[in-house]
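Structural overview
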Amino acid sequence: MTETPQTRAGFAAIIGAPNAGKSTLVNRLTGSKVSIVTQKVQTTRFPVRGIAMHGNAQIVLVDTPGVFTPRRRLDRAMVASAWAGADDADVVVHLVDAASHIASDGKEGSAADRKSAEDTETIIANLKATGTKVILALNKIDGMRRDTLLALSQALFDTGVYSEVFMISALSGDGVDDLKTLLALAMPEGPWLYPEDQSADVPLRVLAAEITREKVYLRVHEELPYSAAVETTAFDEKADGSARIEQTIYVERESQRPIVLGKGGQTLKWIGQKSREELTELLDRPVHLFLTVKVDPKWQDSRALYAQFGLEFDV
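In this report, the structure presented in the accompanying data block is examined. (Residues numbered from 1 in each chain as written. Predicted model: local features only at pLDDT ≥ 70, side-chain atom pairs only at ≥ 80, totals over all residues. Heavy atoms only, no water.)

The secondary structure content of the protein chain amounts to ten helices and nine strands. Per-residue burial over the protein chain gives 50% buried out of 315 residues. Contacts spanning at least 24 positions in sequence make up 71% of the contacts within the protein chain whose residues lie at least 6 apart. Here the protein chain has roughly 14,800 Å² of accessible surface; of this, 50% comes from carbon and sulfur atoms. (Helix = DSSP H or I, 4+ residues; strand = E, 2+ residues; numbered from the N terminus. Buried < 20%, exposed > 50% of the residue type's maximum accessible area, 1.4 Å probe, protein only. Contact = heavy atoms within 4.5 Å. Areas by Shrake-Rupley, 256 points an atom, 1.4 Å probe, with all protein chains shown as cover.)

Look at helix α9 (residues 266–283): 25 Å from first C-alpha to last across 18 residues, which is about the 26 Å you get at 1.5 Å a residue. Taken together, the buried positions of α9 are T267, L268, I271, G272, S275, E278, L279 and L283. Along α9, the residues classed as buried sweep out an arc of 140 degrees about the axis, all on the same side. Set apart from the buried face of α9 by more than 90 degrees, the exposed residues are K269 and E281. Packing partners of the buried residues in α9 comprise α7 (204–220), β7 (228–237), β8 (243–251), α8 (257–261) and β9 (287–295). D284 lies just past α9 and shows a positive phi near 60 degrees. (Expected span 1.5 Å × (residues − 1). Arc of directions from axis to C-beta.)

Time to look at the sheet that holds β8. With mixed pairing, the three strands of this open sheet are ordered in space as β7-β8-β9. Unpaired on one side and paired on the other, β7 and β9 mark the two borders of the sheet. Strand-to-strand twist across the sheet, computed as the mean angle between neighbouring axes with direction ignored, equals 20 degrees. Here β7 runs beside β8; their pairing, made up of nine bridges, is antiparallel. The residue bridging T232 from the neighbouring strand is Q247, located in β8. Its contacts with the sheet place α7 against β7, β8 and β9, and it is angled at close to 135 degrees to β7. Packed onto the sheet, α9 meets β7, β8 and β9 and runs at close to 140 degrees relative to β9. (Pairing = 2+ DSSP bridges. Axes fitted to C-alpha atoms, helices over the stretch in contact; angles between N-to-C directions.)

Once that is clear, we can look at the nonpolar core. Ranked by size, the top nonpolar core spans 23 residues in total, and within it L25, I59, L61, I168, L179 and L183 carry the most contacts. Among the secondary structure elements, those contributing two or more residues to this core are β1 (8–16), α1 (22–30), β3 (57–63), β4 (91–97), β5 (134–139) and α6 (176–186). Counting residues per element, this core draws most heavily on α6, which supplies four residues. If we ignore the near neighbours within four places in the chain, the residues touching L183 are A12, L29, I59, L61, V91, V93 and I135. In terms of nonpolar packing, the next biggest core, distinct from the first, is built from 22 residues, A208, A228, I249 and V260 among them. (Core = buried A, V, L, I, M, F, W, Y, C linked by side-chain atoms within 4.5 Å.)

This part covers the pairing of β7. With seven of ten residues buried, β7 is to be regarded as a mostly interior element. Hairpin connection, β7 to β8: the antiparallel pair is bridged by five residues, and G241 has positive phi, about 90 degrees.

A separate point is the environment of G55. Mapping G55 onto the fold places it in the loop between β2 (48–54) and β3. Residues G55 and T7 lie 48 residues apart in sequence; the distance between their C-alpha atoms is 8.8 Å.

This structure, assessed with the given rule, holds eight salt bridges. Close ionic contact of E210 with R213 constitutes a salt bridge, the shortest N to O distance being 2.9 Å. Placement of the pair is E210 and R213 together in helix α7, with a separation of three residues, close to one helical turn. Like E210, the residue R213 is buried in the burial classification. A salt bridge links R244 to E246; its shortest N-O distance comes to 2.2 Å. (Salt bridge = Lys/Arg side-chain N within 4 Å of Asp/Glu carboxyl O.)

Assignment of secondary structure puts I59 in strand β3. Here I59 falls in the buried class, since its relative accessible area comes to 1%. Residues I59 and Y194 lie 135 residues apart in sequence; the distance between their C-alpha atoms is 10.0 Å. Leave out the neighbours within four places in its chain, and I59 touches G10, A12, G50, I51, A52, H54, K180, L183, A184 and M187.

On to the packing of α7 against α9. Where α7 contacts α9, the two axes come as close as 9 Å, and the packing angle between them is 140 degrees. It follows from the interaxial angle that α7 and α9 lie oblique. In the crossing of α7 with α9, the sense of the turn from one axis to the other is right-handed. In this structure, α7 contributes L204, L207, A208, I211, T212, E214, K215, V216, L218, R219 and V220 to the contact, and α9 contributes T267, W270, I271, K274, S275, E278, L279, L282 and L283. Residues that form the contact of α7 with α9 fall into these classes: twelve nonpolar, three polar and five charged. (Parallel < 35°, antiparallel > 145°, perpendicular 65-115°, else oblique. Left-handed = near helix turned anticlockwise from the far one by under 90°. Nonpolar A, V, L, I, M, F, W, Y, C, P; charged D, E, K, R; others polar.)

By themselves, these observations are geometric and do not establish any function.
This is the structure we're talking about:
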């Protein structure tokens, strides 16, 4: 009689500087979209848990906000959330944008590259201070010279905070399967924490808000800095099987409202259409989506919004 292999389940946290590719990696590992991915940094505001299956192991991925030097209340809440996600995990992956890190040392490096490298140093210092050993994953290695990558991995490994080093491309999937295998083996033995066919444990109203916020950033990322939030104010299941969702897009200034609305309401219409299409596919049912744009200079001080995303208000 052959023994059934013991199931494993646990938490793997992905930490890193903003824009290191954490959300892309979580989406790649789970094989579904659980975390929003935009070209703006700091778009993940709360730990999204994606669920990846590998053999008999269930890996619950905690996609944390980027770790950076906080300046505002929202920043402090996001950074505290990132470290809390790492503290509670069975294994931690530190994702580093290899291309950006290498560029930060040269003349061609941008201010964003240097900031990313500084944030990486901050994370390393914190890991040293707490005596935490984590896995290093060098991301965005596409088209990079191997000797340059080896030199970078050696320099980072010599800091003493890493147990393993992986070179990956979250975008193309290169090296990600090897990382997933290691994460599966690192999970403690025990029953699965979620049904096998579930890919995320984010409440639907929060996920719906995040999908719409992604569309806002995709459409108006140039004109609108981090001055927008989306709250799902109503989520009703209708008798015909469809879902009726009401959402409010908050901006900080009156001058930002027309940016989100667009000429003749065209921008808001595009945001609503794209969000509704994705929500219809995700929920596998018709979705009626109603968007409102409100000006609230103090939305970043709203306890309700922090609570929606599971962030600590009083950090």
